[in-house]
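Residues per chain are reported as follows:
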Amino acid sequence: MKTPRELGDRLDGLREVVRLGGGRVGPELLVPVEALLSQASARRTLSPDRTVVALAGGTGSGKSSLFNAIAGGELAPVAVRRPTTSRARAAIWPAGTEGAGDPTGLLQWLDIRDRHVLDPRATRTDLAGLVLVDLPDFDSTAAAHRAEAERLAEIVDVLVWVLDPQKYADAAVHQRYLRPLAAHREVMLVALNQADRLDRDALEACLRDLGSLLSADGLPGVPLLATSATQPGGADRLVDALSDRVTTQRAAVDRLHADIDTVLVALGPACSGPPSPRPKRRAGDGQEALIRGLGTAAGVEPIAAAAGASYRMRAIATVGWPLVRWVGRLRPDPLRRLHLGAGQGGPTSRPAATGAQRAQVSNAVRDLVSQSATGLAPMWGAAAAATLESRQPALIDELDRSVRSAQLSQDDRPAWWGGVQGAQFLFLVAATAGLAWLAVIAGFAYLQLPGPSVHLGRAPVPTLLFLGGLAAGLLTSVVSRPFVNLGAARRRARAQRSLDAGIRALAQREVLGPLADELAAASAFCAAVDSARR
Ligand SMILES: Nc1nc2c(ncn2[C@@H]2O[C@H](COP(=O)(O)OP(=O)(O)O)[C@@H](O)[C@H]2O)c(=O)[nH]1
Ligand SMILES: [Mg+2]
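Residues numbered from 1 in each chain as written. Chains lettered and ligands numbered in written order. Predicted model: local features only at pLDDT ≥ 70, side-chain atom pairs only at ≥ 80, totals over all residues. Heavy atoms only, no water.

This brings us to the overall build of the protein chain. Within the protein chain, the secondary structure is distributed over 16 helices and nine strands. Relative to the globule expectation of 24 Å for 534 residues, the C-alpha radius of gyration of the protein chain, 45 Å, shows a markedly less compact shape. The principal-axis extent of the C-alpha atoms belonging to the protein chain is close to 160 × 45 × 45 Å. When burial is assessed residue by residue, the protein chain has 44% of its 534 residues classed as buried. Relative to all contacts within the protein chain whose residues are 6 or more apart in sequence, the contacts with residues 24 or more apart total 81%. Put simply, the protein chain shows about 26700 Å² of open surface, and 58% of that area lies on carbon and sulfur atoms. In the protein chain, the 61 positive side-chain charges and the 52 negative ones have mean positions that sit 17 Å from each other. (Helix = DSSP H or I, 4+ residues; strand = E, 2+ residues; numbered from the N terminus. Rg over C-alpha atoms; globule rule 2.2 N^0.38 Å. Buried < 20%, exposed > 50% of the residue type's maximum accessible area, 1.4 Å probe, protein only. Contact = heavy atoms within 4.5 Å. Areas by Shrake-Rupley, 256 points an atom, 1.4 Å probe, with all protein chains shown as cover. Lys, Arg positive; Asp, Glu negative; His and termini not counted. Charge placed at Lys NZ, Arg CZ, Asp CG, Glu CD.)

A few words on the nonpolar core. Core analysis: the largest hydrophobic core is formed by 38 residues, its most contacted members being Val133, Leu159 and Trp161. A per-element tally of this core places helix α7 (residues 200-216) first, with four residues. Setting aside chain neighbours within four positions, we find Leu159 in contact with Ala54, Ala56, Ala153, Leu181, Val187, Met188 and Leu189. Judged by nonpolar contacts, the second largest core, of 34 residues, contains Leu338, Val369, Val403 and Leu408. (Core = buried A, V, L, I, M, F, W, Y, C linked by side-chain atoms within 4.5 Å.)

What follows covers the site of ligand 1. As a structural note, the neighbourhood of ligand 1 is formed by 19 residues, with Gly60, Lys63, Ser65, Asp196 and Ala229 the closest of them. Gln194 has a polar backbone atom sitting 3.3 Å from an oxygen atom of ligand 1. One nitrogen or oxygen atom from the side chain of Thr230 is found 3.1 Å from a nitrogen atom belonging to ligand 1. Considered on its own, ligand 1 offers 570 Å² of accessible surface; in the complex 87% of this is hidden by protein. The residue makeup of the shell around ligand 1, split by class, is four nonpolar, eleven polar and four charged. (Near = heavy atom within 4 Å. Polar contact = N/O pair within 3.5 Å; in protein donor to acceptor, adjacent residues only side chain to side chain. Nonpolar A, V, L, I, M, F, W, Y, C, P; charged D, E, K, R; others polar.)

Its 20 residues give helix α11 (residues 300-319) an end-to-end C-alpha distance of 28 Å, which sits within 8% of 28 Å, the value for a rise of 1.5 Å per residue. By the criterion of burial, α11 is predominantly enclosed, with 14 of the 20 residues buried. (Expected span 1.5 Å × (residues − 1).)

Here the focus is the environment of Leu181. Of note, Leu181 is situated in the loop between α6 (171-178) and β6 (188-192). For Leu181, a relative accessible area of 14% puts it in the buried group. For the pair Leu181 and Gly218, spaced 37 residues apart in sequence, the C-alpha separation works out to 8.3 Å. Setting aside chain neighbours within four positions, we find Leu181 in contact with Leu159, Trp161, Met188 and Leu219.

On to the coordination of the magnesium ion (ligand 2). Protein coordination of the magnesium ion (ligand 2) is provided by Ser64 (OG) and Thr85 (OG1), with donor distances spanning 2.2 Å. Taken together, the positions of Ser64 in helix α3 (residues 63-71) and Thr85 in the loop between α3 and β2 (89-92) put the pair 21 residues apart, joining distant regions of the chain. The same class applies to Ser64 and to Thr85, which are both buried. (Donors = N, O, S within 2.8 Å, 3.2 Å for Na, K, Ca; no water.)

Looking down a regular strand, the side chains alternate between one sheet face and the other. When you tally the buried positions in strand β1 (residues 51-57), you get seven out of seven residues, the bulk of the element. Neither face of β1 is open: one carries Thr51, Val53, Leu55 and Gly57, the other Val52, Ala54 and Ala56, and all of them are buried. Two elements, β1 and strand β5 (residues 158-163), share five bridges in a ladder whose sense is parallel. Looking across to β5, one finds that Gly57 is bridged to Val162. (Pairing = 2+ DSSP bridges.)

With that settled, consider the packing of α11 against helix α12 (residues 322-329). At a minimum axis distance of 8 Å, the contact between α11 and α12 shows a crossing angle of 150°. With respect to each other, α11 and α12 are oriented roughly antiparallel. For the element pair α11 and α12, the recorded crossing hand is left-handed. Judged by residue contacts, Met313, Ile316, Ala317 and Thr318 of α11 engage Arg325, Gly328 and Arg329 from α12. For the contact of α11 with α12, a count of residues per class yields three nonpolar, two polar and two charged. (Axes fitted to C-alpha atoms, helices over the stretch in contact; angles between N-to-C directions. Parallel < 35°, antiparallel > 145°, perpendicular 65-115°, else oblique. Left-handed = near helix turned anticlockwise from the far one by under 90°.)

What follows concerns a nonpolar patch on the surface. A surface patch of nonpolar side chains, amounting to about 580 Å² of accessible area, comprises Leu323, Val324, Trp326, Val327, Leu330 and Leu428. Take the nonpolar patch: its biggest share by element is four residues, from α12. Take Trp326: it is sitting in helix α12. (Patch = residues over 30% accessible without salt bridge, like charges linked within 9 Å, V, L, I, M, F, W, Y side chains within 5 Å. Salt bridge = Lys/Arg side-chain N within 4 Å of Asp/Glu carboxyl O.)

On to the state of the cysteines, then. Within this structure, the stated rule accounts for one disulfide. Between the sulfur of Cys271 and that of Cys526 lies a disulfide, 2.1 Å long from S to S. Sign of the S-S torsion, about -90° for the bond between Cys271 and Cys526, identifies this disulfide as left-handed. One end of the pair, Cys271, is in the loop between α9 (251-267) and α10 (280-298); the other, Cys526, is in helix α16 (residues 461-531), with 255 residues separating them in the sequence. Judged by its relative accessible area of 24%, Cys271 falls in the partly exposed class. The class of Cys526 is buried, set by a relative accessible area of 19%. (Disulfide = S-S within 2.5 Å.)

Below, the discussion takes up the domain arrangement of the protein chain. Here the domain parsing of the protein chain yields domain 1 (49-249) and domain 2 (280-531). On a C-alpha basis, the centres of domain 1 and domain 2 stand 83 Å from each other. (Domains from an automatic or database assignment.)

Of all the six residues making up β5, six are buried; the element is thus mostly covered by neighbouring parts of the structure. The side-chain alternation of β5 yields two buried faces, one formed by Val158, Val160 and Val162 and the other by Leu159, Trp161 and Leu163. As a crossover connection, the stretch from β5 through α6 into β6 is right-handed. (Right-handed = clockwise from strand over helix to strand, strands pointing away.)

A few words on helix α8 (residues 236-248). A rise of 1.5 Å per residue sets the reference length of α8, with its 13 residues, at 18 Å; its end C-alpha atoms lie 19 Å apart and thus fit the reference within 8%. The set of residues buried in α8 consists of Leu238, Val239, Ala241, Leu242, Ser243, Arg245 and Val246. Those residues of α8 that are buried lie in contact with β1, α3, β4 (130-134), β5, β6 and β7 (224-226). Note on α8: the residue one or two positions beyond its end, Gln249, has a positive phi of about 55°.

Below, the structure is given as structure tokens:
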């Protein structure tokens, strides 16, 4: 069993609701909360120990007559037929000896100019501190009068609804005014006025009927009193009821509690998602789909392939058979063609993300949001989607930066290349020397002279040098090919890992992080709504 929360704590909860809801929740939900907060801070500082009671109702029910009867004087004009109260009017009971000082600030805030300060000697002492307000008619034909009545009904501490025997059952009054006040039943009273017009039995029946109508309005148990403004003592029971409220000095606080209950009803749908938390597995799928989409838009596959191809090309140009390796040099480096190198900030020839790729990213973001927001009221998903959508252009730009900073190993030169390159050079020198030697021998033969040939066993050394050098170079290039392929595959995989890591970091920073923030704000918002409950 939780203890009822204090007004201050509940208002703190509402302040948090406004802070967290700003930019996320529609103004139709937050504006009433902000209005209530400023109303509360005004009312709590302006004569909080005074009790403002307003007499409200339709034309001719007897509000002004009751006002006069309670105040004990002809302060307000009363009319037989025409409505005469155009502006609110206040009667002020001087405060008792302790507390309840000058009510001027309070009346200014209420914006009531017609004020009557009563003579303390002529008034009941148990009403000391009361400010009684006679409102214009709620059903007035003049819009300004209605507006004035409605404005004050929203901020006074206690509302006395004055009905009369002819019109008490008027459906319009119950629908329009009484039902919306259901949350305020603790700060409401209902007076069935002009009771003197009914005989005893009719009055009893009337009160019973009105009582059940009020229950149907959501106001069961609201104090219902018969009054007569024209009979001496006809308002005494109402005055007694008001005296209770005035002496406890709780009405202003009770009113604000009731107002908080009302705004909480409106906030309810923002926090009424199904209780189950979001399904983790599906959100994980959404993350993978997002990363795939970003990878496609960034061109991770072709860039990684280019990193492997670049390695292969440079490797072959270094360790390949010298007689053919120049062929490879004629082709541009596949990686450099993408202009990805650090410091190569110029225009990239890498194709920008296509419309289809952007669409894939935004679909992935949208799916991720809707999966993550399962279990929350729909507005949170919409708010998160809007936030992420606004970041999307930046996300696509960031993709480019992320690709540029990936580890593509485009300038590395493994040590073994140098060894093989040296060997290839030696083999080429041997083959060239053998060829030169053979040429010299051929020259001697042409001149019919014995050539300077040397034999190793039965094999001629120049021929050995020439053919052996060629064969060794060719063999070396064939043998190193699997190592080149292995190195290319590793460079490709490393590039892929590095690009993926960059994209994951980017997704975290630009999508998953902000999404988590939005979801956290949603649950903090609902926790704040909860902390504003009684
Ligand atoms: N018999 C009787 N007439 C009343 C009573 N209260 C008001 N009236 C009359 O009803 C008419 C309208 O009263 P008024 O106070 O101006 O009503 P308001 O429009 O609600 O302010 C006047 O003629 C009053 O004299 C009452 O308790 N008994
Ligand atoms: Mg009146």
